[in-house]
Amino acid sequence: MKSVILVVDDDKTNLMLAQKILLPQYRIAACNSGAAALRYLENNRPDLILLDINMPQMDGFEVMGKLREREETASIPVIFLTADNATGTEVRCFQLGAMDFVGKPFVPDVLLSRVSKTIELDRYRHNLENVVREQADKITRDARRLGRIQESVIVGMANLIESRDGSTGKHVKNTQAYVKMIVNELHRRGLFPDLLTERYIQNLCKAAPLHDVGKIKVPDSVLQKPGRLTPEEFETMKLHTTYCRKIIKMILGDVEDEDYVRMAEDIAVHHHERWDGTGYPTGLAGDDIPLSARIMAVADVFDALYEERVYKPPVRPIERIMQIMMEGRGSQFDPVILDVFTEMLPRLREMLGIC
Ligand SMILES: [Fe+2]
């Protein structure tokens, strides 16, 4: 298919001459003013514009400026036409983004050669842009796919570790859902604005399933004990928060996202800290406990109370769970997070299918 060239010149003779030279090889649209050219371009997209500089009302430079302002016309290649061969004019043409510059009167072979080279160059540019765009899209798709695979491997592994204590593996999925619910609500209410960026929220939800990976090193005799743990056994159980550093480094060793790896560590190490500093393993208190771990603590305890374990029946009704957790407001839990969580009771009931 022939390329379309828009010729813009107020001089009728020049328009006819350009048409005569170009018509055998190209389809031509002709306009005798800048305003007419802009009107034509509202509904048409030629492959090249030959634009006269010296025109009454609107000169070629002004037309060029308007072309560059509109997304639809900004990338159409332009060759300026002029009888003025002053260096300053030529420089201005290129500064405005012209692809070339042709002097008048036209020399047919020169005009044809410049036009064909410009169209060819623009075609290469287009093809190259398309290749770059396609490659970029492919890289994004591949990265997303790999991210999803990595996430499901992490969740699967966390489920496997969790299932060792005889639970159904629901804990990983449930706590992740509670964490997501809480963090989104905190964000919606404008709380912790310095920390709760979109990236932080994403990382937190992705890292939540790893909170108990340290349990892989806790012996079955402790993990699966149906009754109350002895003080020694409890000390062993507590170690799951310190074992996890090494395990997370092993699991996420190849992950380059440092924020995500740090988040996973923060959650796994600190989710048993208490707001008053009497928790473990480090005894951090208040705001010194990473926010991610404070959110995880609420989600973790709620699920531990709601679900059945080998060593205890589920707590019911759900209001009783909230009551128990409120007793830990300001001592075990961050009061702001706990308040938001308890206010979400209707949504929790809905999520858990409680009438
Ligand atoms: Fe834990």
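These figures come from a predicted structure and were not determined experimentally.

### Considerations on the environment of Gly 214
Consideration 1: Mapped onto the fold, Gly 214 is located in the loop between α8 (198-207) and α9 (220-223).
Consideration 2: Excluding residues within four positions of it along the chain, Gly 214 makes contact with His 240, Thr 241, Thr 242, Tyr 243, Cys 244, Ile 247 and Ala 268.

### Things to note about the domain arrangement of the chain
By convention, interface size is frequently given as the accessible area that disappears when the constituent parts associate.
Consideration 1: You can read the domains of the chain as domain 1 (4-134) and domain 2 (164-351).
Consideration 2: Placing a centre on the C-alpha atoms of domain 1 and another on those of domain 2 gives a separation of 65 Å.

### Regarding helix α11 (residues 240-251)
Consideration 1: Between its terminal C-alpha atoms α11 stretches 15 Å, which fits the 16 Å expected from twelve residues at 1.5 Å a residue.
Consideration 2: By the burial criterion, the buried members of α11 are His 240, Thr 241, Cys 244, Ile 247 and Ile 248. Each buried residue of α11 lies within a common arc of 105° when the element is viewed along its axis, so the set occupies one face. Those residues of α11 that are exposed and aimed more than 90 degrees away from the buried face are Lys 246, Lys 249 and Met 250.

### Topic: the pairing of strand β4 (residues 78-82)
Consideration 1: The element β4 is extensively covered by neighbouring structure, given that five of its five residues are classed as buried.
Consideration 2: Burial along β4 is two-sided: Val 78, Phe 80 and Thr 82 facing one way and Ile 79 and Leu 81 facing the other are all buried.
Consideration 3: In this structure, strand β3 (residues 48-52) lies alongside β4, joined through four bridges in parallel fashion. Across the sheet, residue Leu 50 finds its bridge partner in β4, namely Ile 79.
Consideration 4: Where β4 and strand β5 (residues 100-103) come together, four bridges link them in parallel fashion. Residue Ile 79 lies in a different strand from β5, and its bridge partner there is Asp 100.

### Regarding the environment of Gln 57
Consideration 1: Within the secondary structure, Gln 57 is located in the loop between β3 and α3 (60-69).
Consideration 2: Judged by the 9 C-beta atoms lying within 10 Å of it, Gln 57 falls in the exposed class.
Consideration 3: With 96 residues separating them in the primary sequence, Gln 57 and Val 153 have C-alpha atoms 67 Å apart.
Consideration 4: Contacts of Gln 57, omitting those with residues within four sequence positions, involve Ser 33, Gly 34 and Ala 35.

### Some words on the sheet that holds β5
Consideration 1: Overall, parallel pairing links the five strands, which are arranged β2-β1-β3-β4-β5 in an open sheet. For this open sheet the edge positions go to β2 (27-31) and β5, each flanked by a neighbour on one side alone. Sheet twist, expressed as the average angle between the axes of neighbouring strands with direction ignored, equals 20°.
Consideration 2: In the packing of α3 onto the sheet, contacts are made with β1 (4-8), β3 and β4, and the angle to β3 comes to roughly 145°.

### Considerations on the pairing of β1
Consideration 1: Most of β1 is tucked away, with four of its five residues classed as buried.
Consideration 2: When β1 meets β2, the two strands line up parallel, connected through five bridges. Bridge assignment links Leu 6 to a residue of β2, and that residue is Ala 29.
Consideration 3: With respect to chirality, the unit in which β1 leads through helix α1 (residues 12-22) into the neighbouring parallel β2 is right-handed.
Consideration 4: Pairing analysis gives four bridges linking β1 to β3, with the strands arranged parallel. Bridged to Leu 6 within β3 is Ile 49.

### Observations regarding the nonpolar core
Consideration 1: Val 179, Ile 182, Leu 210, Ile 267, Ile 295, Val 298 and Ile 337 are the most contacted members of the largest nonpolar core, which totals 40 residues.
Consideration 2: Contacts of Ile 182, omitting those with residues within four sequence positions, involve Ile 295, Val 298, Ala 299, Ile 337, Val 340 and Phe 341.
Consideration 3: If you look at the next biggest cluster of nonpolar residues, it comprises 28 residues, including Ile 5, Cys 31, Leu 50 and Val 63.

### Things to note about unusual backbone geometry
Consideration 1: Cis geometry is adopted by the peptide bond preceding Pro 105, which originates at Lys 104 and carries an omega value of 0°.
Consideration 2: Note that Pro 105 resides in the loop between β5 and α6 (108-163).
Consideration 3: The linkage connecting Arg 316 with the following residue, Pro 317, adopts the cis geometry, with an omega of -5°.
Consideration 4: Despite not being glycine, Gln 57 shows a phi value in the positive range, around 65°.

Basis of the calculations
- Residues numbered from 1 in each chain as written.
- Predicted model: local features only at pLDDT ≥ 70, side-chain atom pairs only at ≥ 80, totals over all residues.
- Helix = DSSP H or I, 4+ residues; strand = E, 2+ residues; numbered from the N terminus.
- Contact = placed C-beta atoms within 7 Å.
- Domains from an automatic or database assignment.
- Expected span 1.5 Å × (residues − 1).
- Buried ≥ 20, exposed ≤ 12 C-beta atoms within 10 Å, placed from the backbone.
- Arc of directions from axis to C-beta.
- Pairing = 2+ DSSP bridges.
- Axes fitted to C-alpha atoms, helices over the stretch in contact; angles between N-to-C directions.
- Right-handed = clockwise from strand over helix to strand, strands pointing away.
- Core = buried A, V, L, I, M, F, W, Y, C linked by C-beta atoms within 7 Å.

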